[in-house]
Amino acid sequence: MRQYTAVINPTAGGSTGAATLLQLARLLRAAGAELETVYSRNLAHAQDTAREAGERGRIVLAVGGDGIAGGIGGALSGTGTVLGLVPAGRGNDFARALHLPTEPEALAQILLHAEPRPVDTIEVESAVHPRTVVLGSVYAGVDAQANRYANNARLLRGAASYYAGGLRAVTTWRQADYRVTVDGEEHLHRGYTVVAANSPYYGSGRLIAPDARVDDGLLDVVLIREAPRRLFFTLMNELKTGAHVRRPQVRVLRGRELRIEAGRPVPYGADGEVEAALPVTVRVRPGDLSVLY
């Protein structure tokens, strides 16, 4: 029977992670599985715990949102350790890309019986962070600024915090001049953002890259160029369905490696965490992580 180590972000989703895991743990143990739980003090502690559990041959469960999923998934990328996701955060976008259920009964069946499947990960390099690995996406521009506002929101949770953060970011955004190099080909871009997507979703369910796949060995690079603010608000609304990609202001490229630079300081983020400022280099790591889904 499978052995699990659950690493939990105690503050995820307004502290709902513990409650979510409690229900799931009863089901796993009732089926004969062995489960140990570790409450993370910070992301580095969560990553160290996950690596140590993997070295003992255990399946690691990341309990929380995209921050802990991406952090633990990145730490386990290339190690052979199997990862399970327990979505209990604000975004849960990578879990959404894998079509994972949030109901404990359905999720327990996947964790108990699904065979591990390989997914791609994203390697990220910048002057501040020599090398990190994440799962879902890297984004540079207004969305990173919105993410920063959402992470600091005290009164709003979930999609509401992302939407409010987006409104605040867009109303104060100055268009940036980017140089985006995809697999050696340079593209000049002036606008709101550049997104390197492994997952179709980001920002709590927004379908930023509808054709992105987690196991195709490629990143979908979405560029949203300069446009009147009123049109950008329309584009934000269209992210619910992915209809924005049909607009002339949106361009989608595909590649394995890209470099994003800008003519002024522009923040970038990865998997719900705002990391630093451009420039940044992003590479796909094909099939580098085994996940239960």
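The notes below deal with the structure included here.

Scanning all chains against the criterion turns up two aromatic pairs. Between Tyr139 and Tyr202, the ring centres sit 5.6 Å apart and the planes meet at 75 degrees, which makes this aromatic pair edge-to-face. You can see Tyr139 sitting in strand E7 (residues 137-141) and its partner Tyr202 sitting in the loop between strand E9 (185-197) and strand E10 (219-225), a full 63 residues away along the chain. Here Tyr139 matches Tyr202 in class, with each residue buried. Each ring, one from Tyr192 and one from Phe232, has its centre 3.9 Å from the other, and the planes form 20 degrees; the classification is stacked. Here Tyr192, found in strand E9, pairs with Phe232, found in helix H9 (residues 229-238); they are 40 residues apart in sequence, far enough to count as distant.

Below, the discussion takes up the pairing of strand E4 (residues 82-87). Within E4, six of the six residues are buried, leaving the element largely enclosed by the surrounding structure. Across five bridges, the pairing between strand E3 (residues 59-64) and E4 is parallel. Note that in E4 the partner of Val60 across the bridge is Leu83. The handedness of the E3 to E4 crossover, carried by helix H4 (residues 66-76), is right-handed. Inspection of the sheet shows E4 paired to strand E15 (residues 280-292) by two bridges, in the parallel sense. Counterpart to Val82 in the pairing with E15 is Ser290.

Once that is clear, we can look at the nonpolar core. Residues Tyr178 and Leu258 are the most contacted members of the largest nonpolar core, which totals 48 residues. Ala46, Val60, Val86 and Ala97 belong to the second-largest nonpolar core, a separate cluster that totals 45 residues.

Moving on to the layout of surface pockets. Here the second largest pocket is characterised by a volume of approximately 390 Å³. Looking at the lining of the second largest pocket, the elements that each hand over two or more residues are helix H3 (43-55), H4, strand E6 (132-134) and strand E14 (273-277). The residue makeup of the lining of the second largest pocket, split by class, is six nonpolar, eight polar and seven charged.

The rules we used
Residues numbered from 1 in each chain as written. Predicted model: local features only at pLDDT ≥ 70, side-chain atom pairs only at ≥ 80, totals over all residues. Heavy atoms only, no water. Phe/Tyr/Trp six-rings, centres within 6.5 Å; stacked < 30°, edge-to-face > 60°. Helix = DSSP H or I, 4+ residues; strand = E, 2+ residues; numbered from the N terminus. Buried < 20%, exposed > 50% of the residue type's maximum accessible area, 1.4 Å probe, protein only. Pairing = 2+ DSSP bridges. Right-handed = clockwise from strand over helix to strand, strands pointing away. Core = buried A, V, L, I, M, F, W, Y, C linked by side-chain atoms within 4.5 Å. 1 Å grid on protein atoms, 1.4 Å probe; cavity = no way out; pocket = protein on both sides within 12 Å on 5 of 7 lines; lining within 4 Å. Points joined across faces, edges and corners; volume = space filled by probe spheres on them. Nonpolar A, V, L, I, M, F, W, Y, C, P; charged D, E, K, R; others polar.

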